[in-house]
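Structural characterization, general
Below are the chains, spelled out letter by letter.
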Protein chains: 2
Amino acid sequence: PGWRRRRGRLERTFELKDFMGALRLVNRVGRWAERVQHHPDISIQWNRVTFSLTTHDAGGITEKDLELARQIDRLAARRD
Amino acid sequence: PGWRRRRGRLERTFELKDFMGALRLVNRVGRWAERVQHHPDISIQWNRVTFSLTTHDAGGITEKDLELARQIDRLAARRD
């Protein structure tokens, strides 16, 4: 399943091959997040990574989150 | 505060300077975890990183978790 809205947040979980695959995706997304200065909450459970997006200033999901979600999908598709 | 036991897990939250500081600590701990093949659950909220340790095979906290917790403390103390 893709992104779901939950309590004012946009969330998606990706399943990678293993822990190192998960860590690589986190780094890829992390570098992008730093570049655009919009940082998702991230949780890693071995090979699973969950990104949780919200715009704190706005108190909910905004266009910045939708844009970041699309970019995370692109980065995840490029996974090695 | 240091590590606390919660629902069969050992947990600690570290506060870093910023998101990139948090990501660096995650990578440092991640590389160690991979080396010893014992992986904590990790959650990142901008400059805060929470590690949650348990030994799934044993259904609770074991010496492996205590050892990993000590190593995480060492890696976090070395933060740049």
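This text goes with the structure placed above it.
Described in the following lines is the structure provided in the data block.

**Observations concerning helix α2 (residues 63-77) of chain A**
Residue and element names in this part refer to chain A.
- Compared with the 21 Å implied by 1.5 Å per residue over 15 residues, the 21 Å span of α2 between its first and last C-alpha is a close match.
- Along α2, the residues classified as buried are D65, L68, A69, Q71, I72, L75 and A76.
- Buried residues in α2 make contact with β2 (9-15), α1 (19-36) and β4 (48-53).

**Section: the interface of chain B and chain A**
- Contacts between the two partners involve 15 residues from chain B and, on the opposite side, 15 residues from chain A.
- Of the roughly 1,400 Å² buried at the junction of chain B and chain A (both faces included), carbon and sulfur atoms supply 64%.
- It is F19(B), I42(B) and I44(B) in chain B that bury the most area against chain A; as a group they hold 32% of the surface buried on that side.
- Inspection of the chain B/chain A interface yields zero salt bridges.
- The tally of links between chain B and chain A comes to four residue pairs in polar contact (both at pLDDT 80 or more).

What counts, and where the lines are drawn
In every chain, residue numbers begin from 1 and rise along the written sequence. Lettering of chains starts at A and numbering of ligands starts at 1, both following the order in which they are written. It should be noted that, the model being predicted, local features are given only for residues of pLDDT at least 70 and side-chain atom pairs only at 80 or more, the latter also being counted only at that level, while totals for whole chains, interfaces and linings use all residues. With hydrogens and water set aside, each side-chain value is computed from the structure's full complement of heavy atoms. Numbering of helices and strands starts at the N terminus; helices are DSSP runs of H or I of at least 4 residues and strands are runs of E of at least 2. By definition here, a helix of n residues has an expected span of 1.5 Å times n minus one. Exposure categories follow from relative accessible area, calculated using a 1.4 Å probe and restricted to protein chains: below 20% of the type maximum is buried, above 50% is exposed, and the middle band is partly exposed. Contacts are assigned to residue pairs with any non-hydrogen atoms lying within 4.5 Å of each other. Buried area: the accessible surface (1.4 Å probe) lost by two parts on joining, summed over both. A side-chain nitrogen of Lys or Arg and a carboxyl oxygen of Asp or Glu constitute a salt bridge if their distance falls within 4 Å. Any pair of nitrogen or oxygen atoms within 3.5 Å is treated as a polar contact; in protein, a donor-acceptor pairing is required on top of that, and neighbouring residues in sequence qualify only through side-chain atoms on both sides.

Everything listed here is a matter of geometry and, on its own, says nothing about what the molecule does.
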